[in-house]
Amino acid sequence: MAVEDPAEQSAGESARSTFLNREVLAGLFLLASAAFGYYAAYPLDAGSMSGVGSGLMPKSVALGLGGFGVYLVASGLVGDHERVEGFSLRGIIFVLGGILAFAATVRPMGLLVAGPLAMLLSSLADQDTRPLEILIFTACMTLGCYLLFKALLHLPIPVLPPLLGY
Amino acid sequence: MKITRRTAIAAVAALGVTAMPAFAQYPTKPITAIVPFAAGGPTDVVTRLVTEHMSRTLGQQIIVENIGGAGGTIGMSRAAAAEPDGYTIAVGNMGTQSAAPALYPNLKYDPAKSFTQISIVNFTPQTIVSKKDLPPKDLKEMLAYLKANSEKMNYGHAGVGSISYVSGFVFNSQFGFKPALVAYKGTGPALNDLVGGQIDYMVDQSLNVIPQITAGTIKAYAVAHPERIAALPNVPTTKELGVDFIFSAWNAMVAPKGLPKDIQDKLVDALSKAMDDPAIIKRYEQLGSTAPKGADRGPAGLQKLVEKEVARITPVLKAAAAK
Amino acid sequence: MWDLVSNLQLGLSVAGSLHNAALCFLGCLIGTLIGVLPGVGPIATIAMLLPLTFGLDPVGALIMLAGIYYGAQYGGSTTAILVNIPGEATAVVTVLDGHQMAKQGRAGIALGIAAIGSFIAGTIATIIIAAAAKPLTSLALLFGPADYFALMVLGLMFAVVLARGSVPKAIAMILFGILLSTVGTDIETGEERLTFGWMEIADGIDFAIIAMGMFGFAEILRNLEHREARGVVSAKIGQLLPNFSDFKTSFAPILRGTGIGSLLGFLPGNGAVLGPFASYSIEKKLAKDPSRFGQGAIEGVAGPESANNAGAQTAFIPLLTLGIPPNAVMALMIGAMTIHGIVPGPQIISKQPDLFWGMIASMWIGNLMLLIINLPLIGIWVRLLRVPYRLMFPAIVIFCCIGIYSINNSPTQVALTGAFALFGYLLIKLGFEQAPLLLGFVLGNLMEEKLRQAMVISRGSLWTFVDRPVSLGLLVLALIVFIVSALPAISRSRETVFTE
């Protein structure tokens, strides 16, 4: 086709201008991970044929990952790909916050504190959350978890160390 | 604000009243026994056996908590760092209490110093076994065969730091054998390949190999123990064959350092009673184990064992790592 | 032949006794309910419930434990379908199409076909065990490390077929999974790899942490972002159970899955984990319209679930005939046996036939019980899905946290799961798929272990893979699978070039 369609041309241009598209970012992520993996495995000995060392697998896999990273970056720059959609920051902060809160408090403060903390904190991630409803639900769930995991299954999970001592 | 004398006396009395019973009437609540390995393994099985009996003597439940990882050192580190109030005890094995210092440079505990010793729980003698088709007919032939062929042979073990690894090292280095070491993830897979003939020999706890020996799927050359064990009456001992190789795996009960003496005494006593129970003796026999007797029992016996084993095993392992 | 019948009769009389049947039922029920909890897989369930069996007689205790095991397996599949969380490695594939079906309002159908497929698979597997346990064991013993490695390579080839989208990205994910599997203590040298001195992962990253983080929590993050897409389970749930046409579509996959699962299950060292992956790939290849896979194709649930259950049953073979556990769950079983005074070993068949045949018969009874227990439960589960998401996801969070904590009593591992949640979310954003990563993770460990063992035994000679007939055959098969899968992709791109 000698004469190029102007619409196509501009579309091509705008696609090329979003060079930080999903493929490229994916490739960069792989490259970063590969580099990190190789760095972590660096002190390990790759060994020899009769004594395959502990380093062979991690290093060669890291190299392979890096290779794919390069491929993705290249194909991302050349082709026309979608952009990465936005992150939901609120979800990340509150859900992960809830999980971390559980991890931090379960041993010193016990299930009766860590559980509700995790639930309430993570519930804040959703705009639909209704305060009274979630409070009641949390209370019921915590009680349920206590009955199930502690009373019934005798899991060695702390309940409320500050008050009960176990 | 005036603190009346009455209030002060009442406060002190209250403190005294709450502090006392914890020691006088131990135990007042359930005790946690940490097993630094997965449920169902040799240490776990024997712990559940004895703690079930001890629960009855002490009048409080003993709950087994499995905290596995890093050859058992994670669980034992947790135990060493726990409150020495008698409500956390642990059962480690030869790996965690003797081999660990040589294998883990960043170990967070010292088997000889970080614990209040309670007692050895059991001994499990090692058995020298091989695949069914290995030519030698008895131990003397086996040793000669190994001397001539060890470099072409394969020794299987359950991973660095496992009992089969440590005892294998001591065995091979003592006699100067140089087999290729094939690592497995646990005793199951290693035994599987031994039965299948993919590897040549192993030195492992009797508990693991008794069923296979009895069924004839593998060959047993000797038990590395002064006397024959009840579960393997037809397998000679290294002692009677004149070979100097005695090696037992063992499990030991410990508590965090600083345990009050009277609590320690109670635990030692309860464990001792468990080990004298006829039902438990019978179960021990089934598992190819023996309970410690006489001077081996109790804190002093365990401390002596730990120091002896650390001294014996550490140079062997360090030499291997240096290669 | 008559031997078999009389043995089965003996088994049924043992397993069918009121005492044992009741224990079987109890085990299945409890196992299912606990296994359903997101965050709690079969191993955790059995370990938790093991003490419950201590007061029982040995045969009864084992029957109950086996019931707990199947129940937990099925409960794990339920969680995979309902909330996208695989409780165990074998449930990962169920997540792919099962959860999609749930999102389309077909959760009941998915759960139903999983239950029925599992029952059929379990029945056939039980017959296989009863008839051929010993010969199969001898077959399994022929498998050396080199053969195993070849099998793993074949397994990885399946991932190419598994991939929904871009093949290069899928392969990259497999590699990533393998890299993650190397974290931990090296079994051969004892060195810590990629742990940065962190004791908590010195034994490797637990599968549950990755599964829960990348599937469970990451899915929550994704759902929170797309508020319109979730919670819209179609107002009319429609049929609750599979209908005849669903059956017709699923029948062949069920049979194929059973065959694959049974074959791989008794291989020592956890060969059963490959079963569902293999079944999924085969079904996808055989289907007239492969693009349905990943969007809620019923074959994608029927086949793998059958493979799953068949593998779980035949995994008992090495346990019962040799006394050697093929995986962690069976090791627990052996421990339980030992605690109850039974020393498992090759002689159980002859010395304790009532135990052996009783267990085999109870396997079938257990499968039947599962069907009876679970089909009615489907109605409840489906109704559970209608709980508003704003309440559902905090509940998932707390269950998963407790579940992870209960594995090793480690808060750090709970936090690590959170990190994987972020990681999984990132992957989704970048257009990567999680399933190949998990496949790589599960196989990576096994593959490396077998490779190194084979190399030590062969003293460094690569010829060992070609010398051994089994290994050679499997590698050739792997090559064929790869070519066949990659070929369409190549010819497709060729076509597009030609049309331009």
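Keep in mind it's a predicted model, so treat the numbers as computed, not measured. (Residues numbered from 1 in each chain as written. Chains lettered and ligands numbered in written order. Predicted model: local features only at pLDDT ≥ 70, side-chain atom pairs only at ≥ 80, totals over all residues. Heavy atoms only, no water.)

Enquirer: Hey, could you run me through the overall build of chain A in this one?
Expert: Looking only at helices and strands, one finds seven helices and zero strands in chain A. Residue burial in chain A is summarised as follows: out of 166 residues, 40% are buried. Summarising the internal contacts of chain A: among those between residues at least 6 apart in sequence, 62% fall at separations of at least 24. (Helix = DSSP H or I, 4+ residues; strand = E, 2+ residues; numbered from the N terminus. Buried < 20%, exposed > 50% of the residue type's maximum accessible area, 1.4 Å probe, protein only. Contact = heavy atoms within 4.5 Å.)

Enquirer: Explain the nonpolar core to me, please; I cannot follow it from the model alone.
Expert: One broad rule of soluble globular proteins: the nonpolar side chains tend to lie buried together. Grouped together as the largest cluster of nonpolar side chains are 208 residues, with contacts concentrated most on Phe102 of chain A together with Ile205, Phe316 and Leu437 of chain C. With 16 residues, helix H16 (residues 353-384) of chain C is the largest single contributor of residues to this core. Lining this core are residues from two domains, each supplying at least three of them: domain 1 (19-78) and domain 2 (89-164) of chain A. Once residues within four sequence positions are removed from consideration, Phe102 of chain A is found in contact with Leu111, Ala114, Gly115 and Ala118 of chain A together with Cys401, Ile402, Tyr405 and Val414 of chain C. Residues Ala70, Ala79, Phe247 and Ala252 of chain B belong to the second largest nonpolar core, which totals 55 residues. (Core = buried A, V, L, I, M, F, W, Y, C linked by side-chain atoms within 4.5 Å. Domains from an automatic or database assignment.)

Enquirer: Looking at this model, I keep getting lost on the packing of aromatic side chains. Mind explaining?
Expert: We describe a pair of aromatic rings using the distance from one ring centre to the other and the angle between the two ring planes. Residue and element names in this part refer to chain C. Considering all chains together, one arrives at 24 aromatic pairs over all chains under this definition. Seen from their ring centres, Tyr69 and Tyr70 are 6.0 Å apart, and the 45 degrees between their planes marks the pair as tilted. Relative accessible area serves as the criterion here: at 1%, Tyr70 is assigned to the buried category. Relative to Phe423, the ring of Phe176 has its centre 5.2 Å away and its plane inclined at 50 degrees; by these criteria the two rings are tilted. (Phe/Tyr/Trp six-rings, centres within 6.5 Å; stacked < 30°, edge-to-face > 60°.)

Enquirer: Sorry if this is basic, but what is going on with the packing of helix H10 (residues 244-265) of chain C against helix H11 (residues 274-286) of chain C here?
Expert: Residues and elements named next belong to chain C. At their nearest, the axes of H10 and H11 sit 9 Å apart, and the two run at 145 degrees to each other. At the point where H10 passes H11, the crossing takes the right-handed sense. Taking contact as the criterion, the partners of Pro253, Arg256, Gly257, Ile260 and Leu264 in H10 are, on H11, Leu274, Gly275, Ala278, Ser279, Ile282, Glu283 and Leu286. Here the residues of the contact of H10 with H11 are counted per class, giving seven nonpolar, three polar and two charged. (Axes fitted to C-alpha atoms, helices over the stretch in contact; angles between N-to-C directions. Left-handed = near helix turned anticlockwise from the far one by under 90°. Nonpolar A, V, L, I, M, F, W, Y, C, P; charged D, E, K, R; others polar.)

Enquirer: Help me out: how do you make sense of the confidence of the model for chain A in this one?
Expert: Regions with low pLDDT should not have their predicted coordinates read in detail. Summing up the model confidence of chain A, the mean pLDDT is 81 and the portion of residues at 70 or higher is 88%. The secondary structure element of chain A with the lowest average pLDDT is helix H1 (residues 6-17) of chain A, at 44, and the one with the highest is helix H5 (residues 111-123) of chain A, at 91. (pLDDT = per-residue confidence, 0-100.)

Enquirer: Looking at this model, I keep getting lost on the interface of chain A and chain C. Mind explaining?
Expert: One frequent convention defines the size of an interface as the accessible area lost when the parts assemble. Listed per partner, the contact involves 66 residues of chain A and 66 residues of chain C. With a shortest N-O distance of 2.7 Å, Glu133 of chain A and Arg390 of chain C are connected by a salt bridge. Our count for the chain A to chain C interface comes out at three residue pairs in polar contact (both at pLDDT 80 or more). Among the elements of the structure, helix H2 (22-41), helix H3 (56-78), helix H4 (89-109), H5 and helix H6 (131-152) of chain A are those that each provide at least two residues to the side of chain A that touches chain C. It is H2 of chain A that provides the largest number of residues to the side of chain A that touches chain C, a total of 12 residues. (Salt bridge = Lys/Arg side-chain N within 4 Å of Asp/Glu carboxyl O. Polar contact = N/O pair within 3.5 Å; in protein donor to acceptor, adjacent residues only side chain to side chain.)

Enquirer: Got a minute to help me understand the confidence of the model for chain C in this structure?
Expert: Residue and element names in this part refer to chain C. Chain-level statistics for chain C give a pLDDT mean of 82 and a share of 94% at 70 or above. A low-confidence stretch, residues 232-236 (pLDDT under 50), is modelled with eight contacts involving residues beyond four sequence positions or located in other chains. Within the model, the stretch residues 493-500 combines pLDDT values under 50 with zero contacts to residues more than four positions away or in other chains. This prediction of the complex comes with two scores: 0.81 for pTM and 0.83 for ipTM.

Enquirer: Please explain the domain arrangement of chain A as it appears in this structure.
Expert: Domain annotation for chain A reports domain 1 (19-78) and domain 2 (89-164). Placing a centre on the C-alpha atoms of domain 1 of chain A and another on those of domain 2 of chain A gives a separation of 39 Å.

Enquirer: How do you make sense of unusual backbone geometry when you look at a structure like this?
Expert: In most cases, non-glycine residues show a negative phi, while peptide bonds are predominantly trans. Between Tyr26 of chain B and the following residue, Pro27 of chain B, the backbone shows a cis peptide bond with an omega angle of -5 degrees. Its location among the elements puts Pro27 of chain B in the loop between helix H1 (5-24) and strand E1 (31-35). One non-glycine residue with positive phi stands out, namely Asn84 of chain C, at about 70 degrees. You can see Asn84 of chain C is positioned in the loop between helix H4 (58-83) and helix H5 (92-103). Positioned with a positive phi, Arg459 of chain C is a non-glycine residue whose angle comes to about 55 degrees. By secondary structure assignment, the location of Arg459 of chain C is in the loop between helix H19 (435-457) and helix H20 (464-467). Arg459 of chain C sits in the partly exposed class, given a relative accessible area of 33%.

Enquirer: Help me understand the side chain of Thr417 of chain C in this model?
Expert: Residues and elements named next belong to chain C. Checked against the element boundaries, Thr417 lands in helix H18 (residues 411-429). Under the relative-accessibility criterion, Thr417 is labelled buried at 1%. Ignoring any residue separated from it by four or fewer positions in sequence, one finds Thr417 in contact with Ile209, Met212, Gly213, Phe217 and Ile404.

Enquirer: Can you walk me through a nonpolar patch on the surface in this structure?
Expert: Residues and elements named next belong to chain C. A surface patch of nonpolar side chains, amounting to about 630 Å² of accessible area, comprises Trp463, Val466, Leu472, Val476, Leu477, Ile480 and Val484. Ranked by the residues each element gives to the nonpolar patch, the list is headed by helix H21 (residues 469-499), at five residues. Summarising the element assignment, Leu472 is placed in helix H21. (Patch = residues over 30% accessible without salt bridge, like charges linked within 9 Å, V, L, I, M, F, W, Y side chains within 5 Å. Areas by Shrake-Rupley, 256 points an atom, 1.4 Å probe, with all protein chains shown as cover.)

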